[in-house]
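In case you want the letters, here they are:
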There are 2 protein chains.
Amino acid sequence: MAKNLLRGAAIELIKSAEMMQARSDKTRITGGKIAFVPTMGFLHEGHLSLMRKGRNLCDELIVSIFVNPTQFAPGEDLDSYPRSLERDLELCEKNGVNAVYEPPDGQLYPDGFQTYLTLDDLPHHLCGLQRPIHFRGVATVVAKLFNIVKPHWAIFGEKDFQQVQVIKRMAKDLNYDIEILTGPTVREADGLAMSSRNAYLNDRQRKDAVCVHKSLLNAQEQVNSGERDAQKILEQAVEFIKSFDGTDIDYIKICNPETLEDVEAIEGPVLMALAVKFDKTRLIDNMTIGV
Amino acid sequence: MAKNLLRGAAIELIKSAEMMQARSDKTRITGGKIAFVPTMGFLHEGHLSLMRKGRNLCDELIVSIFVNPTQFAPGEDLDSYPRSLERDLELCEKNGVNAVYEPPDGQLYPDGFQTYLTLDDLPHHLCGLQRPIHFRGVATVVAKLFNIVKPHWAIFGEKDFQQVQVIKRMAKDLNYDIEILTGPTVREADGLAMSSRNAYLNDRQRKDAVCVHKSLLNAQEQVNSGERDAQKILEQAVEFIKSFDGTDIDYIKICNPETLEDVEAIEGPVLMALAVKFDKTRLIDNMTIGV
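Given the structure is predicted, the values throughout are model-derived calculations rather than measurements.

About the criteria used
Residues numbered from 1 in each chain as written. Chains lettered and ligands numbered in written order. Predicted model: local features only at pLDDT ≥ 70, side-chain atom pairs only at ≥ 80, totals over all residues. Helix = DSSP H or I, 4+ residues; strand = E, 2+ residues; numbered from the N terminus. Rg over C-alpha atoms; globule rule 2.2 N^0.38 Å. Buried ≥ 20, exposed ≤ 12 C-beta atoms within 10 Å, placed from the backbone. Contact = placed C-beta atoms within 7 Å. Pairing = 2+ DSSP bridges. Axes fitted to C-alpha atoms, helices over the stretch in contact; angles between N-to-C directions. Domains from an automatic or database assignment. Nonpolar A, V, L, I, M, F, W, Y, C, P; charged D, E, K, R; others polar. Expected span 1.5 Å × (residues − 1). Arc of directions from axis to C-beta. pLDDT = per-residue confidence, 0-100. Parallel < 35°, antiparallel > 145°, perpendicular 65-115°, else oblique. Left-handed = near helix turned anticlockwise from the far one by under 90°. Least-squares fit on C-alpha atoms with pLDDT ≥ 70 in both. Core = buried A, V, L, I, M, F, W, Y, C linked by C-beta atoms within 7 Å.

### Re the overall build of chain A
(1) Moving on: What chain A contains, in helices and strands, is 10 helices and 10 strands.
(2) Moving on: A compact globule built from 291 residues would reach a C-alpha radius of gyration of about 19 Å, and chain A, at 20 Å, matches this within 12%.
(3) Moving on: In terms of overall dimensions, chain A has a C-alpha envelope of 55 × 40 × 40 Å along the principal axes.
(4) Moving on: Looking at chain A as a whole, 42% of its 291 residues are labelled buried.
(5) Moving on: Within chain A, contacts between residues separated by at least 24 positions form 70% of all contacts whose residues are at least 6 apart in sequence.

Have a look at this one:
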């Protein structure tokens, strides 16, 4: 693998699951270690930070680009989800990615497909409340990608906190021999969490969107000032976000970071997480807050 | 690996998932190929025939012994399922098995376990009608065992025809890089399909149990005589089995071998499958019949 890098080999674009598996087998049989960053493309600095984390660990860095239909419900933004394959490949190459797996539509869900991963508890919180099939789709496609890419490490962004918990649980429950790593949320200068969906925002919405992150900072300040009542903190956050025209709160919660169950009193580190719609654009953010 | 066999190395009993994974990694990194026969133990000639099939393919033959609780509903025979580890290990050693993975109770379903594999269609037929959670448990444990044993081939008995279809579909849907192979049903001299559950039968039941297989042979004879109406064949089979005292038919079906959906007219190879209870002992059998 190191030889490959020294040669400055061009990044490889792989379309076939079987070819991806064969490449990973070849890496593994020579003792090479594989790090994997699954993405839906339209890459931003958040993705790139995960790639750099992987690059430092591994001999072979693999990125997948796939807008996974099974995690979108009818009426969600599957069709409009932003795409930019050429730019994504350039960014991958610049960040030391060895190969990109980008399956064509239909390859991962052929006729007769019928097997899904379902989790009993974790999906029934936060984003799962409004998106009941979302985490079934996430867990299923990630299991598929694990079997296709065969990595030693898989790296996910903490912005999608619930997704990380679902994947850690799924990987443990199904005995995947893969270490799940995370990277911190990367933010714009004004604090907005980077997201491919930020591209949907108009200028006014982009400016207002900072309220999502600001509500988390406010909450930590309240805790610092001695507030321990989660309900009171949430009420203030709701009021704050509603003060921005055209915002629609999907959920806002203070919860146990492991179980995602609501907490009433803040007595240690807890997760505060929220989803806010700006017209049709749904943004999420989260932060560990606490004493 | 071959060296290992020449040395006549004793069979290894592995209790830990991590040690099993490490052993398989070691096999794979030296180019060794792994065949895997998952079992619930209390081995009989049916299991042994699958082991011999695997032995002929691989460098490393792994058997698992685990009575999987998630495929038993409350009131089924989880607690009484027959066990004989010492004898099983002897049989494995005699049949060229390199290692047996036998996890202790609780290892595969620790506290907080919540991830299951569910299939949309295949479980809603045949055995799944009376055992609605059975195939969820089977698909889940087999996925876990695939991730623990990391085989190139996994081998299942055709006596559990629906299980084979579920596992083939699951492995394809989740992109497991594992070839699913099957071995034919092995029968006692009188035609009774071998099963660990045959141990539950008393002498009278054991004698009568041949009616299960006989009903399949009768059906093929009717087809040979020109009968094409599945309903008529099934009616005769029901009448035949009911003529044995104390039998209770769970289901008896003639169906499409791929989808397991009922067929009306026999115009090619079809699956005939049935489950019959002798008091509390439930026996299954199946045969491809047709013109």
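### Quick word on the sheet that holds strand S10 (residues 281-289) of chain A
Residue and element names in this part refer to chain A.
(1) Moving on: Pairing is antiparallel across the open sheet formed by three strands, whose spatial order is S8-S9-S10. With partners counted over all chains shown, the strands left at the sheet margins are strand S8 (247-255) and S10, one partner each. Within the sheet, the average angular offset between the axes of one strand and its neighbour, ignoring direction, is 10°.
(2) Moving on: Relative to S10, strand S9 (residues 270-278) runs antiparallel, the two being bridged by nine bridges. Each bridged residue has a counterpart across the sheet, and for Ala 273 the counterpart in S10 is Asn 286.

### Some remarks on the domain arrangement of chain A
Residues and elements named next belong to chain A.
(1) Moving on: When its domains are assigned, chain A resolves into domain 1 (2-183) and domain 2 (196-285).
(2) Moving on: Taking the mean C-alpha position of each, domain 1 and domain 2 sit 27 Å from one another.
(3) Moving on: Listed per partner, the contact involves 14 residues of domain 1 and 12 residues of domain 2.
(4) Moving on: Secondary-structure elements contributing two or more residues to the side of domain 1 that touches domain 2 are helix H5 (127-130) and helix H7 (161-173).
(5) Moving on: Looking at side-chain class alone, the side of domain 1 that touches domain 2 contains eight nonpolar, five polar and one charged residues.

### Comments concerning helix H10 (residues 230-242) of chain B
Residues and elements named next belong to chain B.
(1) Moving on: Between its first and last C-alpha atoms H10 spans 18 Å; for 13 residues at 1.5 Å apiece the expected length is 18 Å, and the two agree.
(2) Moving on: Among all positions of H10, only Ala 230, Ile 233 and Ala 237 are buried. Viewed along the axis of H10, the buried residues span an arc of 65°, placing them on a single side of the element. The outward face of H10, more than 90 degrees from its buried face, is lined by the exposed residues Gln 231, Lys 232, Glu 235 and Glu 239.
(3) Moving on: The secondary structure elements touched by the buried residues of H10 are helix H9 (210-224) and strand S8 (247-255).

### A closer look at the interface of chain A and chain B
(1) Moving on: Every contact between the two is made by 26 residues of chain A and, on the other side, 26 residues of chain B.
(2) Moving on: For the side of chain A that touches chain B, the secondary structure elements donating two or more residues are helix H2 (17-29), strand S5 (115-119), helix H6 (134-149) and H7 of chain A.
(3) Moving on: Examining the composition of the side of chain A that touches chain B, we find that five residues originate from one element, S5 of chain A, more than from any other.
(4) Moving on: In the side of chain A that touches chain B, the residues fall into 12 nonpolar, seven polar and seven charged.
(5) Moving on: When S5 of chain A meets strand S5 (residues 115-119) of chain B, the two strands line up antiparallel, connected through five bridges.

### Quick look at the confidence of the model for chain A
(1) Moving on: Of the residues in chain A, 97% have a pLDDT of 70 or more, and the chain-wide mean is 96.
(2) Moving on: Across residues 1-7 of chain A, confidence stays below pLDDT 50; counting only partners more than four residues off in sequence or on other chains, it has seven contacts.

### Some thoughts on the packing of helix H9 (residues 210-224) of chain A against helix H10 (residues 230-242) of chain A
Residues and elements named next belong to chain A.
(1) Moving on: At a minimum axis separation of 10 Å, H9 and H10 run at an interaxial angle of 150°. If you check the angle between H9 and H10, you find them roughly antiparallel. When you trace H9 past H10, the crossing you get is right-handed. Along its contact with H9, which presents Cys 211, Ser 215, Asn 218, Ala 219 and Gln 222, the element H10 presents Ile 233, Gln 236, Ala 237, Phe 240 and Ile 241.

### Concerning the relation of the copies chain A and chain B
(1) Moving on: With an RMSD of 0.0 Å, the operation that places chain A on chain B is a rotation of 180° combined with a shift of 0.0 Å along the axis. Interpreted geometrically, this transformation is the action of a two-fold axis.
(2) Moving on: When the interface residues of chain A are mapped onto chain B, 100% of them again lie at the interface, so the same face is used by both copies.

### Points about the sheet that holds strand S1 (residues 12-14) of chain A
Residues and elements named next belong to chain A.
(1) Moving on: With parallel pairing, the six strands of this open sheet are ordered in space as S1-S4-S3-S2-S6-S7. The open sheet has two free edges, formed respectively by S1 and strand S7 (179-183), since each of these has just one partner strand. Neighbouring strand axes in the sheet, compared pairwise and without regard to direction, differ in orientation by 25° on average.
(2) Moving on: Summarising the sheet, strand S2 (residues 34-39) and strand S3 (residues 60-65) pair through six bridges and their orientation is parallel. Residue pairing in the sheet places Thr 39 in a bridge with Ile 65 of S3.
(3) Moving on: Strands in contact with H2 are S1, S2, S3 and strand S4 (99-101); relative to S1, the strand with the most contacts, it is inclined by about 130°.
(4) Moving on: In the packing of H6 onto the sheet, the strands contacted are S2, S3, S4 and strand S6 (153-157), and the crossing angle to S2 comes to about 145°.

### With respect to the nonpolar core
(1) Moving on: Judged by nonpolar contacts, the single largest core of 146 residues is most densely connected at Ala 139 and Met 170 of chain A together with Ala 139 of chain B.
(2) Moving on: When neighbours within four sequence positions are excluded, Met 170 of chain A is seen to be in contact with Leu 117, Leu 119, Ala 139, Val 142 and Ala 143 of chain A together with Thr 115 of chain B.

### A closer look at H6 of chain A
Residue and element names in this part refer to chain A.
(1) Moving on: End to end, H6 covers 22 Å across 16 residues, agreeing with the expected 22 Å (1.5 Å per residue, within 8%).
(2) Moving on: For H6, a buried count of 15 out of 16 residues is recorded, marking the element as mostly surrounded by other parts of the structure.
(3) Moving on: Two residues or fewer past H6, Lys 150 is found with a positive phi of approximately 50°.

### A short note on unusual backbone geometry
(1) Moving on: A positive phi is found at Asp 279 of chain A, a non-glycine position, where the angle reads about 55°.
(2) Moving on: Within the element layout of this structure, Asp 279 of chain A appears in the loop between S9 and S10.
(3) Moving on: For Asp 279 of chain A, a count of 12 C-beta atoms within 10 Å translates into the label exposed.
(4) Moving on: Even without a glycine there, the phi angle at Phe 42 of chain B is positive, about 50°.
(5) Moving on: Secondary-structure assignment places Phe 42 of chain B in the loop between strand S2 (34-39) and helix H3 (45-55).

### Here's the deal with the environment of Lys 144 of chain A
(1) Moving on: Along the chain, Lys 144 of chain A falls in helix H6.
(2) Moving on: Given 24 C-beta atoms within 10 Å, Lys 144 of chain A falls into the buried group.
(3) Moving on: For Lys 144 of chain A and Ala 17 of chain A, which are 127 residues apart along the polypeptide, the C-alpha to C-alpha distance reads 9.6 Å.
(4) Moving on: With residues up to four places along the chain from it excluded, the contact list for Lys 144 of chain A reads Leu 108 of chain A together with Leu 174 and Asn 175 of chain B.

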